Amino acid sequence: VTGSVTLSVFLFALLRIIIVDSRLRGIRLQQFYGLISVLYWYLVLLMSAVAKVVPKKSWMAAILFTRRAFGAMVAYFALLHALVALFDQLDGLGGIGLLPLIFRWSLALGAISLVVLLIMAALSVDKFVGLVKFKAWKQLSRISYVAGALVIVHVWLIGTHAAPILMQLIGFEALVMLAGFEAWRIGKALAGKGVRPARAAVVAVGIWVVVTGSLLGMRQLLPSYSKDHQEHIAGTGIHAH
Ligand code: HEM
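Residue numbers here run from 1 along each chain, matching the order of that chain's written sequence. Selection of residues for local features in this predicted model requires a pLDDT of at least 70, selection of side-chain atom pairs for listing and counting requires 80 or more, and totals for whole chains, interfaces and linings are taken over all residues. As a convention, hydrogens and water are excluded, and side-chain values are obtained from all of the structure's heavy atoms.

### Observations regarding the pattern of salt bridges
At step 1: Basic side-chain nitrogens of Lys or Arg form a salt bridge, by our definition, when they fall within 4 Å of a carboxyl oxygen of Asp or Glu. This structure, assessed with the given rule, holds two salt bridges.
At step 2: With its nearest N and O atoms 3.2 Å apart, the salt bridge here joins R23 to D91. Here D91 lies in the loop between helix 4 (67-89) and helix 5 (101-123) and R23 lies in helix 2 (residues 22-53), a separation of 68 residues in the sequence.
At step 3: Whether a residue is buried, partly exposed or exposed follows from its accessible area with a 1.4 Å probe, protein chains only, as a fraction of its type maximum: under 20%, in between, or over 50%, in that order. You can call R23 partly exposed: its relative accessible area is 44%.
At step 4: A salt bridge links E182 to R185, with the shortest nitrogen-to-oxygen separation between them at 2.8 Å. Remark: R185 and E182 occur in helix 8 (residues 165-192); sequence separation between them is three residues, near one turn of the helix.
At step 5: The class of E182 is buried, set by a relative accessible area of 9%. Secondary structure elements are taken from DSSP: a helix is a run of H or I of four residues or more, a strand is a run of E of two residues or more, and numbering for both begins at the N terminus.

### Notes on helix 9 (residues 197-221)
At step 1: Between its first and last C-alpha atoms helix 9 spans 35 Å; for 25 residues at 1.5 Å apiece the expected length is 36 Å, and the two agree.
At step 2: Within the span of helix 9, buried status applies to A200, A204, T212, L215 and M218. Every helix has an expected span of 1.5 Å times one less than the residues it contains.

### Side note on the site of the ligand
At step 1: Around the ligand, the structure places 26 residues, and the nearest of them are Q31, H81, H154, T160 and H161.
At step 2: Identification of polar contacts relies on pairs of N or O atoms within 3.5 Å, with a donor-acceptor requirement for protein atoms, meaning one able to donate a hydrogen and the other able to accept it, and with residues adjacent in sequence counted only if both atoms are side-chain atoms. A distance of 2.8 Å separates a nitrogen atom of the ligand from a polar atom in the side chain of H81.
At step 3: H154 is positioned such that a nitrogen or oxygen atom in its side chain is 2.8 Å from a nitrogen atom of the ligand.
At step 4: At the level of elements, helix 2, helix 4, helix 5 and helix 7 (134-158) are the ones that each hand at least two residues to the shell around the ligand.
At step 5: The leading source of residues in the shell around the ligand is helix 2, at eight residues.
At step 6: Note that Gly is not counted as nonpolar here; it falls among the polar residues with everything else outside the nonpolar set of Ala, Val, Leu, Ile, Met, Phe, Trp, Tyr, Cys and Pro and the charged set of Asp, Glu, Lys and Arg. Here the shell around the ligand is built from residues that sort into 15 nonpolar, eleven polar and no charged. Put simply, a residue is near a molecule or strand once any heavy atom of it comes within 4 Å of that molecule or strand.

Take a look at the structure:
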């Protein structure tokens, strides 16, 4: 946790030194914080899924120990990202009304995810852990998967770095791999509850196919502000530097 807070301050200081223009500095800072948040989120989900499917190893206990702190950092960096976006880039909440519809939709999805992340982070603090029963905590972690899906759409709709094809490929590969581990975990859990192994395997493959299909469908069906903008610039022959 201390390392991550130091990283956020270090990034703030570094960008102050290397980027002179204050607007661009705010944009880059907000983008870095958003990126770090999703990376932490990805790691937490990957750790949890891998730990359930591979046989227990001693190093795994150490990794799982860091999971709760990582979870809190997802919320911390997402909050910094949102605050810089709202109060530096968009000049406050009033600025949202002036944005194109695609931005307003995207920000609404981002805001819902942020609320879920903050609630989960607050409930994982030692003092409050006992407040939530195990069953409720399980429900909450399911909601966090919905929040994760909303963030993917949030980033797709307006993220500058969602536009380059290389970034799309990296993101797609990473998510397909994570979906594979999650589907495997669910299949294994079902088999453990007495579901026939063949049926559990069909459910697991089904989940993986649905997630992969949804990602491909999102690319085809949902607009991406940055991708459309870049294609428009390429089409008009105007070069943006
Ligand atoms: C109220 C909540 C939120 C607001 C106001 C907000 C604002 C924004 C804005 C304005 C952008 C466009 C950035 C750009 O490319 O210049 C963006 C992109 C992004 N957001 Fe959010 N966001 C919110 C919630 C979240 C959450 C909860 C996460 C992750 C956990 C997140 C992660 C990202 C990422 C990774 C990008 C892509 C950045 C890039 O392309 O470089 N955001 N957000």
